[in-house]
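Commentary on secondary and tertiary structure
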Amino acid sequence: QVLLVESGGGLVEAGGSLRLSCAATGRTFSRYNLGWFRQAPGKEREFVATISWSGGRTYYADSVKGRFAISRDNAKNMVYLQMNGLKPEDTAVYYCAADLAFSYRSDDYDYWGQGTQVTVSS
């Protein structure tokens with residue numbers, strides 16, 4: 001029902017910024033809560049941020065709070081992750097995901113993008 005494609009990843013120096021984008025297809029896109037997750041080599045996939053269908057509620061992992069911002073544009077079927085003050089420990093593959101539930105748990109999400117690589121050099 002929902003196809004997600006991430007973009008915007010790349011190589012950036014510590015302290016720099018990137019904006020990740022996720023384009024979605026699906027006639028009921030606006031019904032879905034959207035989340036960003038990441039997975040570093042040798043680690044489990046971890047929660048980054050989520051946003052409700054209306055955009056009125058957001059929730060962030062403590063590790064990124066104050067540095068990252070999630071937003072969405074339902075008219076464009078897009079969700080974004082603005083990442084500022086990047087640190088080497090932010091290096092990971094970043095995934096966007098969609099589900100009818102507002103959740104920070106990856107198991108709650110039914111639809112996933114293919115991921116985009118973010119590498120932060122020290």
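Owing to the predicted nature of the structure, the values given are computational and were not obtained by experimental measurement. (Residues numbered from 1 in each chain as written. Predicted model: local features only at pLDDT ≥ 70, side-chain atom pairs only at ≥ 80, totals over all residues. Heavy atoms only, no water.)

**Considering the pattern of salt bridges**
Condition: Salt bridges are counted wherever a side-chain nitrogen of Lys or Arg sits within 4 Å of a carboxyl oxygen of Asp or Glu. What counts as a helix is a DSSP run of H or I of at least four residues, what counts as a strand is a run of E of at least two, and both are numbered from the N terminus. Whether a residue is buried, partly exposed or exposed follows from its accessible area with a 1.4 Å probe, protein chains only, as a fraction of its type maximum: under 20%, in between, or over 50%, in that order.
All told, the structure shown has four salt bridges when counted by the stated rule. A salt bridge links aspartate 90 to arginine 38; the nearest nitrogen and oxygen atoms lie 2.9 Å apart. Note that aspartate 90 is positioned in the loop between β8 (78–83) and β9 (92–99) and arginine 38 in strand β4 (residues 33–39), a separation of 52 residues in sequence. In this pair, the class of aspartate 90 matches that of arginine 38, namely buried. Aspartate 90 serves as the salt-bridge partner of arginine 67, at 2.8 Å between the closest nitrogen and oxygen. Separated by 23 residues along the polypeptide, arginine 67 in the loop between β6 (58–60) and β7 (68–73) and aspartate 90 in the loop between β8 and β9 bring together distant segments of the chain. Each member of the pair arginine 67 and aspartate 90 is classed as buried. Three or more residues joined by partner-sharing salt bridges are found here, namely Arg38, Glu46, Arg67 and Asp90.

**As for the sheet that holds β8**
Defined as follows: Note on pairing: DSSP must find at least two bridges between two strands before they are called paired. Only the stretch in contact is used when a helix axis is fitted, and all axes are lines through C-alpha atoms; the angle between N-to-C directions ranges over 0 to 180 degrees.
With respect to topology, four strands assemble into an open sheet ordered β1-β3-β8-β7, the strand pairing being antiparallel. For this open sheet the edge positions go to β1 (3–7) and β7, each flanked by a neighbour on one side alone. Put simply, the sheet's adjacent strands are angled 15 degrees from each other on average, direction ignored. Pairing analysis gives six bridges linking strand β3 (residues 18–25) to β8, with the strands arranged antiparallel. Paired with leucine 20 across the strands is leucine 81, a residue of β8.

**Description of the state of the cysteines**
Test applied: We call a pair of cysteine sulfur atoms a disulfide when they lie within 2.5 Å.
Under the definition given, this model contains one disulfide. The partner cysteine of cysteine 22 in its disulfide is cysteine 96, sulfur to sulfur 2.0 Å. Of note, the bridge from cysteine 22 to cysteine 96 carries an S-S torsion of about 45 degrees and is right-handed in sense. Note that cysteine 22 is positioned in strand β3 and cysteine 96 in strand β9, a separation of 74 residues in sequence. Pair check on accessibility: cysteine 22 and cysteine 96 agree, each one buried.

**With respect to the pairing of β8**
Looking along a regular strand, one sees the side chains alternate between the two faces of the sheet. With five of its six residues buried, β8 lies for the most part within the structure. With six bridges connecting them, β7 and β8 associate as antiparallel partners. Bridging from a neighbouring strand, serine 71 pairs with tyrosine 80 of β8. What sits between the antiparallel neighbours β7 and β8 is a turn of four residues, in which asparagine 77 has the positive phi angle 55 degrees.

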